[in-house]
Amino acid sequence: MASLLFLNPNPLISHRSLFLKPYSLSSIPKTITTTFSFRAKCSLSRRPDYIPNRISDDSFVRIFDTTLRDGEQSPGATMTSKEKLDVARQLARLGVDIIEAGFPASSRDDLEAVKMIAREVGNTIDEDGHVPVVCGLARCNKTDIDAAWEAVRHAKFPRIHTFIATSEIHLQYKLRKTREEVVTIARDMVGYARSLGCNDIEFSPEDAGRSDREFLYLVLGEVIKAGATTLNIPDTVGITMPTEFGQLIADIKANTPGIENVIISTHCQNDLGLSTANTLAGAYAGARQLEVTVNGIGERAGNASLEEVVMAIKCRGKELMGGLYTGINTRHIVMASKMVAEYTGLQVQPHKAIVGANAFAHESGIHQDGMLKHKGTYEIISPEDIGLTRSNDSGIVLGKLSGRHAVRSKLLEVLGFELDGKELDDVFWRFKAEAEKKKHMTDADLEALVSDEVFQPQVVWSLGDLQVTCGTLGLSTATVKLIGADGAEHVECAVGTGPVHAAYKAIDCIVQESQLV
Ligand code: KIV
């Protein structure tokens, strides 16, 4: 069913990309004033034409999505070729600049899936004239690079991404190679990839976060000379802190020969939960390509999440990051998140930023009151901006912390009951008592409360007392006292086949008797 839903998604919004307007560095205010105007706003702007090693507007940052490669490396997240194609189509709708579609040398299936994506998605130009680059990963060897090229070369903009580790621990224990050997392999393999006719080559020094700086500058300088167009700096084990990672990017920018001729990229793993922060620190320091995955899936604790990075740039890029903007049409985020969760089986935690089920839900009374008065009080992003339509406009979820105001509006908005004064008080206190016992109060719970409190039947009889005698001898006997509407007490005894039967017979006697009066 899910695949049917995603096979032919019906975007409610046109595909026109929504961009934040770029601002020059000089427009950053010296002091930042925090106001409710933080709710992200969209304005149209043109995405710079694609040139592998250059971006004509320094405020534009490329989004490189690796959901289909690093994301698929999450334990248990394998997708079929058809599912990968669906995700790639959705990534194109989102407007990502580069889709890393897989690791073609890893299996025949992956090679075919990348080829299929390159042929279709890599040649479908949207109404803004945008077509994503399709990229394939390759280790620094000819077999991998050949496979990657065979898979991506069908795209309008094909890219080969090749990598080799540069940290001491990887050189010594994994590769068992000297630094000199690694430099030679990196330089030769980038040259080899170029020789195949690919003019868009990304190079990654794996485990850059733990690599010796001088060695990094050397390797990077050599691969630039060999023809690399993007240098991706991976924090492969997610060990760096934001200031540290930002400094790493700044140092590479300042010390690598020829760096002005290439794009610097980030690739931050999330082992310490810092991948988004590190990615943003990298962008702040000059990276103009950010590698991310939908829902932040990826090896171990995952990668920087597309939705967090993109929305952070959208919300704060203008004021705090020199006017940075992306080409992402954020209204397709929710659909992308759902599709990836569905296909990989990796469900999103409810409190996940941007795409979690609770990201736009407000439960405490104070927050609900604020939301009803002005949505900007507790929401920095409007849900529509990420393609979320919620069941009620205020996003109010009722629970034990909710206030009278929220209960009243929910009753009116969802159930159409307009309560005030004592009626509202009674429902509210019953609601509080129930909500203490339950996690969430559903609309149905609320409806039941209202019909209990407000639409109570007229009391004709109420139970005064009940006494039953029963045992193995049979002859169960019940004595019942009922109080009539006028307050008069009526007592009757009856014998039945069991205590319940006896009690009902006694009630019958009273009711029939009084009807006769
Ligand atoms: O985490 C990593 O280092 C990688 C590289 C291949 C970019 O995934």
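Residues numbered from 1 in each chain as written. Predicted model: local features only at pLDDT ≥ 70, side-chain atom pairs only at ≥ 80, totals over all residues. Heavy atoms only, no water.

## Some remarks on the overall build of the protein chain
Put simply, the rule is: Strands here mean DSSP runs of E at least two residues long; helices mean DSSP runs of H or I at least four residues long; both are numbered from the N terminus. Burial here depends on accessible area, computed with a 1.4 Å probe over protein chains only, as a share of the maximum for the residue type. Under 20% is buried, over 50% is exposed, and the range in between is partly exposed. We call two residues in contact when some of their heavy atoms are within 4.5 Å. Note on areas: Shrake-Rupley, 1.4 Å probe, and residue coverage restricted to the protein chains presented here.
A count of helices and strands for the protein chain gives 16 helices and 11 strands. Residue burial in the protein chain is summarised as follows: out of 517 residues, 51% are buried. Long-range pairs, those at least 24 residues apart, make up 69% of the contacts in the protein chain between residues at least 6 apart in sequence. Within the structure as shown, the protein chain displays about 23,900 Å² of accessible surface, and the carbon and sulfur contribution to it stands at 55%.

## Things to note about the sheet that holds strand E1 (residues 62-65)
For clarity, the cut-off: For two strands to be treated as a pair, DSSP must find at least two bridges joining them. As a rule, the C-alpha atoms of each element are fitted with a line to give its axis, helices using only the stretch in contact, and angles between N-to-C directions run from 0 to 180 degrees.
Pairing is parallel around the closed barrel formed by eight strands, whose spatial order is E1-E2-E3-E4-E5-E6-E7-E8. Strand-to-strand twist in this sheet, taken as the mean axis angle between neighbours without regard to direction, amounts to 25 degrees. Along the sheet face, helix H3 (residues 108-120) touches strand E2 (98-102) and strand E3 (133-139) and points at about 150 degrees away from the line of E2. Of the strands in this sheet, strand E6 (230-235), strand E7 (263-268) and strand E8 (289-292) are in contact with helix H9 (residues 275-284), which crosses E7 at around 170 degrees.

## Details of helix H8 (residues 242-255)
Counted only if it meets this: In this analysis, the expected span of each helix is defined as 1.5 Å times one less than the number of residues it contains.
Its 14 residues give H8 an end-to-end C-alpha distance of 20 Å, which sits within 8% of 20 Å, the value for a rise of 1.5 Å per residue. Buried within H8 we find Phe245, Gly246, Leu248, Ile249, Asp251 and Ile252.

## A few points about the pairing of E6
Inclusion rule: We call a crossover right-handed when, viewed with both strands directed away from the observer, the connection leading from the first strand over the helix to the second proceeds clockwise.
The element E6 is largely enclosed, with a buried count of six among its six residues. Examined bridge by bridge, strand E5 (residues 201-206) and E6 share two bridges and lie parallel to one another. Note that in E6 the partner of Phe203 across the bridge is Leu231. Crossover handedness for the path E5 to helix H7 (residues 213-226) to E6: right-handed.

## Regarding the nonpolar core
Quick reminder of the rule: To form a nonpolar core, buried Ala, Val, Leu, Ile, Met, Phe, Trp, Tyr and Cys residues must be joined to one another through side-chain atoms within 4.5 Å.
Formed by 89 residues in total, the largest nonpolar core has its most connected members in Ile160, Phe203, Leu231, Ile233 and Leu306. The biggest single contributor to this core is H7, with eight residues.

## Remarks on the packing of aromatic side chains
The following threshold applies: Centres within 6.5 Å are what make two rings of Phe, Tyr or Trp a pair, Trp counting through its six-membered ring; a difference in plane orientation under 30 degrees is then read as stacked, over 60 as edge-to-face, and the rest as tilted.
Throughout the structure, instances matching the rule amount to four aromatic pairs. Considering the side-chain rings of Phe60 and Tyr325, the 5.4 Å spacing of their centres and the 70 degrees angle between planes classify their relative orientation as edge-to-face. Pair noted here: Phe60 is in the loop between helix H1 (2-7) and E1 and Tyr325 is in the loop between helix H10 (306-320) and helix H11 (333-344), with a separation of 265 residues, a long-range link. Across the pair, Tyr325 and Phe60 agree in class, each one buried. In this structure an aromatic cluster arises from ring pairing among Phe428, Trp429 and Phe431.

## Things to note about the site of the ligand
Basically, it comes down to this: Proximity criterion: a residue is near a molecule or strand once any of its heavy atoms comes within 4 Å of it. Definition of a polar contact: a pair of N or O atoms within 3.5 Å, with one able to donate and the other able to accept a hydrogen when the atoms are protein atoms, and with sequence-neighbouring residues admitted only if both atoms are side-chain atoms. Polar here means any residue other than Ala, Val, Leu, Ile, Met, Phe, Trp, Tyr, Cys and Pro, which are nonpolar, and Asp, Glu, Lys and Arg, which are charged; Gly is therefore polar.
With respect to spatial proximity, the complete set of residues near the ligand consists of Arg69, Asp70, His161, Phe163, Ser204, Glu206, Asn232, Pro234, Thr236, His267 and Gln269. Measuring from an oxygen atom of the ligand, one finds a side-chain N or O atom of Asp70 at 3.4 Å. Note that an oxygen atom of the ligand is positioned 2.6 Å from one of the side-chain N or O atoms of Thr236. Calculation on the ligand without its partners gives an accessible area of 260 Å², and the protein chains cover 94% of this total. Tallied by class, residues from the shell around the ligand come to two nonpolar, six polar and three charged.

## Observations concerning the sheet that holds strand E9 (residues 461-469)
Pairing within the open sheet is antiparallel, and its three strands lie in the order E9-E10-E11. This sheet does not close on itself; its edge strands, each paired only once, are E9 and strand E11 (489-496). In this sheet, adjacent strand axes meet at a mean angle of 20 degrees when their direction is disregarded. Direction of pairing for strand E10 (residues 476-484) relative to E11: antiparallel, over a ladder of eight bridges. Bridge pairing links Ala478 to Ala494 in E11.

## Topic: the confidence of the model for the protein chain
Put simply, the test is: The predictor attaches a confidence to each residue, called pLDDT, with possible values from 0 through 100.
A residue-level look at the protein chain finds 87% of positions with pLDDT of 70 or above and a mean pLDDT of 87. Every residue in residues 1-38 is under pLDDT 50, and counting partners more than four places away or in other chains gives 80 contacts.

## With respect to unusual backbone geometry
Phi angles above zero are rare outside glycine, and Arg300 is one such case at about 50 degrees. Relative to the elements of secondary structure, Arg300 occurs in the loop between E8 and H10. Arg300 gets classed as partly exposed once you look at its relative accessible area, which sits at 46%. The backbone of Ile354 sits at a positive phi, close to 70 degrees, despite the residue not being glycine. For Ile354, the location among the structural elements is in the loop between H11 and helix H12 (365-373).

## Remarks on the side chain of Asn295
Inspection of the secondary structure assignment puts Asn295 in the loop between E8 and H10. Those residues in contact with Asn295 that sit more than four places away from it in its chain are Ser305, Glu307, Ser337, Val340, Ala341, Val348, Lys352 and Val355.

## A word on a nonpolar patch on the surface
The criterion, for reference: Patches here: salt-bridge-free residues with over 30% relative accessible area, like charges joined within 9 Å, nonpolar side chains (Val, Leu, Ile, Met, Phe, Trp, Tyr) joined within 5 Å. Salt bridge, as applied in this entry: a Lys or Arg side-chain nitrogen positioned within 4 Å of an Asp or Glu carboxyl oxygen.
Judged by side-chain polarity, Ile239, Met241 and Leu272 come together as a nonpolar surface patch covering roughly 280 Å² of accessible area. Along the chain, the position of Ile239 falls in the loop between E6 and H8.

## Remarks on the environment of Ala147
If you trace the backbone, Ala147 turns up in helix H4 (residues 142-152). In sequence terms Ala147 and Ser106 are 41 residues apart; their C-alpha atoms lie 9.1 Å from each other. Setting aside anything within four residues of it in sequence, one finds Ala147 in contact with Pro104, Ala105 and Leu111.

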